[in-house]
Structures are given as C-alpha cells and as structure tokens.
Amino acid sequence: TKACLVTVGSTKFEALTDFLDENGRDFLGELKKRGINKLFFQVGKTKRFPQKLPKLCHETKIAFECFEFTKKFRQILPTCSLVISHAGAGSISETLSFKIPLLVVINETLMDNHQEELAQAMAKEKYLYYSKVPKVLEVLSKCEFSSLKPYPPPDATTFANFLDRDLGFT
C-alpha cells in the first residue's frame, strides 16, 4: 500500500479541502500516477468534510479515510509515501523527520503569513515543494520528489556548543 496524507493541521483550511474535493478526479489521477492507493484526509477543527472524494475514491479503487485532527496523525504519518500539508512548522518538521516527500500548501487567509516565508525558505533548500491552493494540482503534477534533499536530523551538539561558547558553560 502506498498512502497519501492530506493534512490541514489543527486550523481551518477549508479552501484546500474544498479545492481537492471539487477537483477530485484530477487529484486522484495524480495520486494514481504516483502509485498511491490509499488517501488519508485530515480536516482539522472544521466540520467541512470532502463530499465528492469518498465516491470518487471508491470508483478509482483508492481506499479513503477522513478524520478530524487527532492523535491518529502521528500513527498514520510514518506509513505515508506522500504528504500534502498546510505550511505549519509542526507538520513540516514532523513530515520531514520521517523523510516523506512533502508538498506544502499555503493558507493565504492567515494574518502575517509566516507560513509562506517558511515554505519558500524550505523549498529554496530543496527540502519540499510548495504551492498556493489554486495551483496545487499543477504543482503536484510537476513535482520530482526524488530530487529533494533529506532534511538533516537535529544536532544536539550545536545547542551544546552554543551553551559552551555563548553562555560560558565550559
């Protein structure tokens, strides 16, 4: 089984849910091209669930599971071959820590859009791809996930060196 997780985190990001639902046939076609046969869809705190995707998934023989923001996210994430996520720092770092290909979608309705700055910086370093909602399928179709660099694991010595050097703990 190759699975894709779509996650909006704990926030409301109905624009992404609605866009993928309205363009479900094209979205599922892109997933099929990548060998994906299971779709997990996490909708956050909203009560807006995809309406068309469940039926389209059934027709295209892609298993479908939709859920609200829960601890289940941490169980599902390591089983995925692809993640399409909002641009929250937590979701990005967790996904990259598992070395899972990641397409980040910017939530343009947020004030002071730090998400976009983070996504651009991470994409510039070749750790992920990013898009805005209207272009997500176009960007997905062009993603060469094998060209991304693995995100480096945290280095505890960096912090220890900082403490030693800057705070005089030597």
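These numbers were taken from a predicted model, which means no experiment stands behind them.

Cut-offs used in this document
Residues numbered from 1 in each chain as written. Predicted model: local features only at pLDDT ≥ 70, side-chain atom pairs only at ≥ 80, totals over all residues. Heavy atoms only, no water. Buried < 20%, exposed > 50% of the residue type's maximum accessible area, 1.4 Å probe, protein only. Helix = DSSP H or I, 4+ residues; strand = E, 2+ residues; numbered from the N terminus. Arc of directions from axis to C-beta. Contact = heavy atoms within 4.5 Å. Pairing = 2+ DSSP bridges. Axes fitted to C-alpha atoms, helices over the stretch in contact; angles between N-to-C directions. Phe/Tyr/Trp six-rings, centres within 6.5 Å; stacked < 30°, edge-to-face > 60°. Core = buried A, V, L, I, M, F, W, Y, C linked by side-chain atoms within 4.5 Å.

## Brief notes about helix α2 (residues 24-33)
Working step 1: Along α2, the residues that are buried comprise G24, F27, L28, E30 and L31. Axial view of α2: buried residues confined to an arc of 155°, hence all on one face. Across α2 from its buried face, at more than 90 degrees, point the exposed residues R25, D26 and K33.
Working step 2: If you follow the buried residues of α2, they end up packed against β1 (3-7), α1 (14-22), β2 (38-42), α3 (53-59), β4 (80-86) and α7 (136-142).

## Structural notes on the environment of C80
Working step 1: Mapped onto the secondary structure, C80 falls in strand β4.
Working step 2: Note on C80: relative accessible area 8%, which makes it buried.
Working step 3: Remark: the alpha-carbon pair of C80 and I100, spanning 20 residues in sequence, is separated by 7.1 Å.
Working step 4: Setting aside chain neighbours within four positions, we find C80 in contact with A3, C4, L5, F40 and I100.

## Points about the sheet that holds β1
Working step 1: Reading across from one edge, β3-β2-β1-β4-β5-β6 is the order of the six strands in this open sheet, with parallel pairing throughout. Each edge of the open sheet is held by one strand with a lone partner, namely β3 (63-67) and β6 (129-132). Within the sheet, the average angular offset between the axes of one strand and its neighbour, ignoring direction, is 15°.
Working step 2: Taken together, the five bridges between β2 and β3 define a ladder with parallel strand orientation. When the sheet's bridge partners are listed, Q42 is paired in β3 with F67.
Working step 3: Along the sheet face, helix α5 (residues 89-97) touches β4 and β5 (102-106) and points at about 175° away from the line of β5.

## Regarding the packing of aromatic side chains
Working step 1: Following the criterion strictly, the structure yields two aromatic pairs and no others.
Working step 2: Seen from their ring centres, Y127 and Y151 are 4.9 Å apart, and the 80° between their planes marks the pair as edge-to-face. Here Y127 is found in the loop between α6 (114-124) and β6, whereas its partner Y151 is found in the loop between α7 and α8 (156-167), with 24 residues between them in sequence.
Working step 3: Residue classification places Y151 among the partly exposed positions, given a relative accessible area of 33%.

## Description of the side chain of E116
Working step 1: Tracing the sequence through the fold places E116 in helix α6.
Working step 2: On the basis of relative accessible area, E116 is assigned to the buried category, the value being 17%.
Working step 3: Contacts of E116, omitting those with residues within four sequence positions, involve I106 and K132.

## Focus: the pairing of β5
Two faces belong to every sheet, and in a regular strand the side chains alternate between them.
Working step 1: Counting buried positions over the five residues of β5 gives five, a clear majority of the element.
Working step 2: Neither face of β5 is exposed, since L102, V104 and I106 on one face and L103 and V105 on the opposite face are all buried.
Working step 3: Sheet analysis places β4 next to β5, joined by four bridges and oriented parallel. Across the sheet, H86 pairs through a bridge with V105, a residue of β5.
Working step 4: Pairing of β5 with β6 involves four bridges; the strand directions are parallel.

## Section: the nonpolar core
Working step 1: One finds V6, F27, L28 and L39 to be the most contacted residues of the largest nonpolar core, which totals 28 residues.
Working step 2: Not counting residues within four places of it along the chain, the set of residues in contact with V6 comprises L16, L20, F27, L39, F40, F41, Q42 and I84.
Working step 3: Within the second largest apolar cluster, 21 residues are counted, among which are C80, A119, Y127 and L128.

By themselves, these observations are geometric and do not establish any function.
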